[in-house]
Amino acid sequence: MIARLTGVLAEAAGDHAVIDVNGVGYLVQLSGKTLQALGGVGAQVKILTDMQVREDAITLFGFGSVAERDWFRLLTQVQGVGGRVALSILTVLAPDELSRAVASGDKAMVARANGVGPKLALRIVTELKDKAGPALGPVGGAATAPKGSAEADALSALANLGFRPAEAAAAVGAAAEELGADATLDALVRLALRKAAK
């Protein structure tokens, strides 16, 4: 599975980009917010990814933060929400705004996204209220680590190991506090795993 891409932005369009990684161009579907944050063609970019494999397609989705990727994964667990609809929601609402909308049951806010009607918006806020509230927190939880930092990479590593976002954020935060600002990714992940296991 492809978890992250680092390379040069070769093309950008309305809902996707092509990222050149050592001569191989990866077509990545992106939210409008992430696409805007990438910069212009030729810029060096680093994005987190989620790969979906179906009978008729293999699609790579890209994200500018751990929180955005976590929300994408939660959204696509809701019946009727595919990858493109999830990106549409994340184009209209940043992760912290989506957290607040789900926590408060604001289906009108979620329904602002293209492809999301009132019934689907209600299903999203109803099904994700318990999962997202404590997991991602009222302000997006894991999005606090700067993009590309060792802390962000450690959060991603713990999430890939199956830890819930809140657990991962707490463990990595405690590890970073103990190790200091110059901590390596390896040291952060090891200490965070020990703290999460307690």
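Throughout, residues of each chain are indexed from 1 in the direction in which the sequence is written. Given that this is a predicted model, residues contribute local features only at a pLDDT of at least 70 and side-chain atom pairs are listed and counted only at 80 or more, while totals for whole chains, interfaces and linings are drawn from all residues. Only hydrogens and water are removed before side-chain values are computed, so all heavy atoms of the structure are retained for them.

K.L.:
What exactly am I supposed to notice about the overall build of the chain here?
P.N.:
To qualify as a helix, a DSSP run of H or I must reach at least 4 residues; to qualify as a strand, a run of E must reach at least 2; elements of each kind are numbered from the N terminus. The helix and strand tally for the chain stands at nine helices and five strands. Overall, the chain shows an N-to-C arrangement of helices and strands of β-β-β-α-β-β-α-α-α-α-α-α-α-α. Accessible surface is estimated by sampling points in the Shrake-Rupley manner with a 1.4 Å probe; for residues, cover comes only from the protein chains shown. Surface summary for the chain: the accessible area is close to 10,000 Å², and the carbon and sulfur share equals 53%.

K.L.:
Whenever I open this one, the sheet that holds strand β3 (residues 24-30) confuses me. Can you help?
P.N.:
Two modes of strand pairing occur in sheets, parallel and antiparallel, and in both the strands are linked by backbone hydrogen bonds. The five strands are arranged β1-β2-β3-β5-β4 in a closed barrel whose pairing can be described as mixed. For this sheet, the mean angle separating the axes of adjacent strands, direction not counted, is 55°. Strands were regarded as paired on the criterion that DSSP finds at least two bridges between them. Sheet analysis places strand β2 (residues 16-21) next to β3, joined by six bridges and oriented antiparallel. Residue pairing across strands places valine 21 opposite valine 24, the latter belonging to β3. In the packing of helix α3 (residues 83-92) onto the sheet, the strands contacted are β3, β4 (44-53) and β5 (58-63), and the crossing angle to β5 comes to about 15°. Here the axes come from fitting lines to C-alpha atoms, over the contacting stretch only for helices, and the angles between their N-to-C directions go from 0 to 180 degrees. Every residue pair with non-hydrogen atoms within 4.5 Å of one another is taken to be in contact.

K.L.:
Could you clarify how one ought to interpret the packing of aromatic side chains in this entry?
P.N.:
The rule is short: rings of Phe, Tyr and Trp, with Trp giving its six-membered ring, pair when the centres are within 6.5 Å, and they are stacked under 30 degrees, edge-to-face over 60, tilted in between. Counting across every chain of the model gives two aromatic pairs. With a centroid separation of 4.9 Å and an interplanar angle of 40°, the aromatic rings of phenylalanine 61 and phenylalanine 72 are classed as tilted. With phenylalanine 61 in strand β5 and phenylalanine 72 in helix α2 (residues 66-75), the pair connects residues that are eleven residues apart, well separated along the chain. Grouping residues by exposure puts phenylalanine 61 and phenylalanine 72 together as buried. Following the ring pairs from residue to residue traces out a cluster consisting of Phe61, Phe63 and Phe72. Buried means the residue's accessible area, taken with a 1.4 Å probe over protein chains only, is under 20% of the maximum for its type, while exposed means over 50%, and partly exposed covers the values in between.

K.L.:
What's the story with the nonpolar core in this structure? I'm lost.
P.N.:
Across soluble globular proteins, nonpolar side chains have a tendency to be buried as a group. Here, the term nonpolar core denotes a set of buried Ala, Val, Leu, Ile, Met, Phe, Trp, Tyr and Cys residues that are joined through side-chain atoms within 4.5 Å. The biggest cluster of nonpolar side chains holds 25 residues, and the ones touching the most others in it are Leu75, Ile89, Leu98, Val110, Val116 and Ile124. Of all the secondary-structure elements, those providing two or more residues to this core are β5, α2, α3, α4 (95-104) and α6 (118-136). What leucine 75 contacts, discounting residues up to four positions off in sequence, is Val81, Ala86, Ile89, Leu90, Leu98, Ile124 and Leu128.

K.L.:
Looking at this model, I keep getting lost on the pattern of salt bridges. Mind explaining?
P.N.:
A side chain of one charge can pair with a side chain of the opposite charge when the charged atoms of the two come close. Put simply, a salt bridge is a Lys or Arg side-chain nitrogen that is within 4 Å of an Asp or Glu carboxyl oxygen. Counted according to the given criterion, the structure contains five salt bridges. Aspartate 50 is the partner of arginine 73 in a salt bridge, and the nearest nitrogen-oxygen pair spans 2.8 Å. Of this pair, arginine 73 sits in helix α2 while aspartate 50 sits in strand β4, and the two are 23 residues apart along the sequence. Residue arginine 73 is classed as partly exposed on the basis of its relative accessible area of 22%. Among the ionic pairs, aspartate 96 bridges to arginine 100, the shortest N-O distance being 3.9 Å. Of this pair, aspartate 96 and arginine 100 both sit in helix α4, separated by four residues, roughly a single helical turn. By relative accessible area, aspartate 96 is classed as partly exposed at 28%. Relative accessible area serves as the criterion here: at 43%, arginine 100 is assigned to the partly exposed category.

K.L.:
Honestly, the pairing of β5 in this entry has me stumped. Any pointers?
P.N.:
Burial of β5 is extensive: five of the six residues sit out of reach of the surface. Bridge analysis of β3 against β5 gives three bridges, and the strand direction is parallel. Residue pairing for β5: valine 28 is matched across the bridge by leucine 60. As defined by bridge partners, β4 adjoins β5 across six bridges and the pair is classed as antiparallel. Paired with threonine 49 across the two strands is glycine 62, which belongs to β5.

K.L.:
Honestly, α2 in this entry has me stumped. Any pointers?
P.N.:
Structurally, the α-helix is built with 3.6 residues per turn, so residues lying three or four positions apart point the same way. Along α2, nine of the ten residues are buried, which leaves the element largely enclosed by surrounding structure. Val66, Ala67, Glu68, Arg69, Asp70, Trp71, Phe72, Leu74 and Leu75 are the residues of α2 that are buried.

By themselves these figures say nothing about function.
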